[in-house]
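Secondary and tertiary structure notes
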Amino acid sequence: MSSAQSLPESRPVSVAHLFLSRVEATPDREAYRYPAPADDGASGTEQWRSLTWAQTAERVRAITAGLLALGLQPEERVAISSSTRVEWILADLGAMCAGAATTAVYPSTNGEETAYILSDSGSRAIFVENVAQLAKAVAHTERLPELAHAIVFDPQEDIPQVEGVEVLSIAELEKRGLAYLEEHPDAVEKTVRAIGREQLATLIYTSGTTGRPKGVRLVHDCWSYQAVAQEAAGLLRSDDVQFLWLPLSHVFGKALISGQIKTGHVMAVDGRVDRIITNLRTVRPTLMAAAPRIFEKVYNGIAGRARAEGGARYRIFLWAAKVARDYARTGQESAAATGRRRVPLSLAAQHAVADRLVYGKIRAAFGGNLRGSVSGSAALAPDIGYFFSGAGVHVLEGYGLTETSAGCIVNPAEDYRVGTVGKPLPGTEVRIAEDGEILLRGPGVMRGYHNLPDKTAEVLEGDGWLHTGDIGEVDDDGFVRITDRKKDVFKTSGGKYVAPTEIEGRFKAICPFVSTILVIGDGRNFCSALITLDETVIMPWAASHGLGGRSYAEVVSSPQVHELIDGFVQRVNSGLQRWHTIKKFSVLSRDLDVEHGELTPSLKVKRPVVEREHAEVIEGMYEGSREA
């Protein structure tokens with residue numbers, strides 16, 4: 001068993017309490033930055049604007065009072081369906097201060113699943129980003145008898161009316177709230193004081209890789225714990241500038257807001273993925289959170305550009321990448337053994353040269369001030385982690401579930417170890433079951449699945465231990481390593497167990513063209529793989545190898561690309577046990593995506609969906625096969 005240090009005995013009752021305290025403590029400090037149209041009105045131009053904590057409180061108070069004026073009662077659900085933007089945060093804080101419970105809906109969720117979430121949660125009101133999200137939310141009002149109000153963020157659009165649902169702009173809601181406060185000036189403070197620790201704060205529906213989403217019940221104490229634990233672990237600091245682009249419908253983004261309110265640091269908010277690189281240079285954050293897929297794409301992009309430049313530049317990149325990995329790995333091994341990071345003088349000298357030639361440009365692409373970037377939701381290939389570590393971009397892998405109100409294990413900023421997910425946050429306990437499954441217990445653990453007592457009993461023991469479904473181990477220094485997903489480990493027809501994510505991670509680390517790889521082999525006589533390629537990297541390669549002018553589908557199905565990828569497969573196979581090796585592979589004609597249901601909104605691969613969607617391709621790889 002492993003547990004981090006204890007938390008201070010006292011913590012706020014709720015993030016609503018914490019928010020009011022933050023406003024009182026630092027009213028004039030900057031709280032949020034967000035992009036908005038430029039003052040000169042020039043078409044297509046925008047600028048970053050700021051809200052102080054006092055200005056944030058003005059809007060939150062108006063939204064809270066507006067919800068109270070609509071008749072919202074404690075624990076009644078208020079849904080939010082929007083991309084990441086500052087209004088999402090204001091609406092969420094408004095709902096929490098009103099004692100209501102936020103139901104998060106991904107804006108990419110289809111109409112059918114949106115209706116299910118709104119119906120299952122019993123949502124009485126919903127904030128939507130625009131009229132498109134409004135249309136989706138009210139497409140099945142006959143199944144939503146409790147939905148009475150919809151509030152639209154975007155002010156530029158003509159807002160249609162919906163029979164049976166009152167539709168308001170957020171400005172209209174705030175205006176109604178200000179009128180309510182004239183009659184009830186202490187309404188917000190009085191409502192916040194009445195909130196209890198075990199009162200429902202959030203219903204977040206798992207974007208699970210199998211089955212219908214389950215509503216995870218997270219109470220106010222879960223978020224209060226997250227806020228205090230993140231600060232106690234040194235993850236967040238009051239002088240940070242955090243760039244937030246993660247989906248706020250995901251538990252990871254929600255948890256970061258709690259921590260930000262505790263420390264009071266600046267948060268720049270913009271969820272547009274196509275603006276990440278530009279925003280990094282503008283915001284120049286000290287902290288950012290992301291999914292491993294983002295770091296993999298950045299790495300592939302860097303490697304792809306170096307390859308395209310060819311000659312000396314490519315050789316310099318390959319050398320610098322090896323130096324970065326060796327430097328990070330050697331330093332980490334030395335720190336684990338002696339408590340001090342040391343590397344041989346010759347390696348340190350090479351690293352200094354590589355820093356001037358390569359690494360400085362990589363850090364500049366992240367804004368130049370990044371002290372740490374938290375990576376979660378899936379495993380990061382260790383070789384990619386070592387590369388960024390050696391380049392001075394510190395990727396702190398963490399681990400958590402929707403069921404644990406996001407991260408409950410994270411690497412310490414000053415002593416992180418690539419290949420692990422770090423140490424438990426203060427107040428969280430970790431136990432490894434006899435079969436290797438990771439069990440967790442702590443204040444951040446959910447109180448159960450909404451309306452699903454049987455499903456709750458399957459994963460949550462009476463004494464508070466949560467079964468995560470992940471296989472892992474804890475080393476002597478308390479660092480946790482995830483070795484595989486319990487449900488993903490499979491057995492070949494020859495009786496050999498295979499952990500596919502380990503093989504997939506190795507492949508991602510050496511192949512700069514890969515977007516996704518899925519190792520197949522459950523009940524089969526050998527392992528195969530479905531592979532998709534990153535279009536932004538493979539197409540430039542194709543143009544320089546006689547395949548210019550062809551479509552992506554034509555390129556990835558070409559013999560030249562098959563030969564290219566086969567070379568990387570053989571390199572991976574050379575380091576694997578015979579029964580782990582990939583005997584056959586297929587490069588798919590398109591990448592996996594959310595629209596086809598193959599990825600969750602948080603970019604996790606839905607293995608059953610992918611295997612079903614591409615069953616014909618898989619069967620083709622096993623036709624006429626014999627025991628391997």
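Reference entry: report on the structure contained in this document.

The rules behind the values
- Within every chain, residues take consecutive numbers counted from 1 along the sequence as written.
- With the structure being a predicted model, the display of local features is reserved for residues of pLDDT at least 70 and the display and counting of side-chain atom pairs for 80 or more, all residues being used for whole-chain, interface and lining totals.
- By convention in this description, side-chain values take in all heavy atoms of the structure and omit both hydrogens and water.
- Salt bridge, as used here, is a side-chain nitrogen of Lys or Arg placed within 4 Å of a carboxyl oxygen of Asp or Glu.
- A run of H or I in DSSP becomes a helix once it reaches four residues, and a run of E becomes a strand once it reaches two; helices and strands are each numbered from the N terminus.
- Each helix should span, by expectation, one fewer than its residue count multiplied by 1.5 Å.
- Each residue is placed in one exposure class: buried if its accessible area under a 1.4 Å probe, protein chains only, is under 20% of its type's maximum, exposed if it is over 50%, and partly exposed if it falls in between.
- Contacts are residue-level and defined by heavy atoms, with any inter-residue pair within 4.5 Å sufficient.
- At least two DSSP bridges between two strands are needed for those strands to be called paired.
- Fitted lines through C-alpha atoms give the axes, limited to the stretch in contact for helices. The angle between two N-to-C directions lies from 0 to 180 degrees.
- Left-handed describes a crossing whose near helix is turned anticlockwise from the far helix by less than a right angle; the clockwise case is right-handed.
- As a working rule, the residues Ala, Val, Leu, Ile, Met, Phe, Trp, Tyr, Cys and Pro are called nonpolar, Asp, Glu, Lys and Arg charged, and the rest polar, with Gly in that last group.

Before going further, it helps to spend a moment on the pattern of salt bridges. A complete count under the given rule lists 33 salt bridges for this structure. Among the ionic pairs, D239 bridges to R237, the shortest N-O distance being 3.2 Å. A salt bridge links R590 to E598; its shortest N-O distance comes to 2.7 Å. Taken together, the salt bridges that share partners define one network made up of E46, D270, R272 and R275.

This paragraph deals with helix α19 (residues 559–573). A rise of 1.5 Å per residue sets the reference length of α19, with its 15 residues, at 21 Å; its end C-alpha atoms lie 20 Å apart and thus fit the reference within 8%. Those residues of α19 that sit buried are V561, L564, I565, F568, V569, V572 and N573. Packed against the buried residues of α19 are α11 (292–309), α16 (500–510), β25 (527–533), α17 (535–543), α18 (552–556) and β26 (582–587).

Take the sheet that holds strand β24 (residues 514–520) next. Taken together, the three strands give an open sheet; going across it, the order is β24-β25-β26, and neighbouring strands pair in mixed fashion. Among the strands making up the open sheet, the edge pair consists of β24 and β26. Ignoring strand direction, the axes of neighbouring strands in this sheet form an average angle of 25°. Two elements, β25 and β26, share five bridges in a ladder whose sense is parallel. Within the sheet, the bridge partner assigned to S528 lies in β26 and is K584. Of the strands in this sheet, β24, β25 and β26 are in contact with α16, which crosses β24 at around 150°.

A pair of packed helices can be characterised by two numbers: the angle between their axes and the separation between those axes. The N-to-C vectors of helix α8 (residues 220–232) and helix α9 (residues 251–263) enclose an angle of 65°; their axes lie 8 Å apart at closest approach. When you trace α8 past α9, the crossing you get is right-handed. In this structure, α8 uses W223, Q226, A227, V228, Q230 and E231 to contact α9, whose residues at the interface are V251, K254, A255, L256, S258, G259, K262 and T263. When grouped by side-chain class, the residues that make up the contact of α8 with α9 number six nonpolar, five polar and three charged.

As a further point, take the environment of W579. Following the sequence through the fold, W579 ends up in the loop between α19 and β26. Spatially, the C-alpha atom of W579 lies 26 Å from that of K604, the residues being 25 residues apart in sequence.

Bringing the pairing of strand β18 (residues 429–432) into the picture now. In the sheet, β18 pairs with strand β19 (residues 437–441) via four bridges, with the strands oriented antiparallel. Bridged to I432 within β19 is I438. Hairpin connection, β18 to β19: the antiparallel pair is bridged by four residues, and G436 has positive phi, about 90°.

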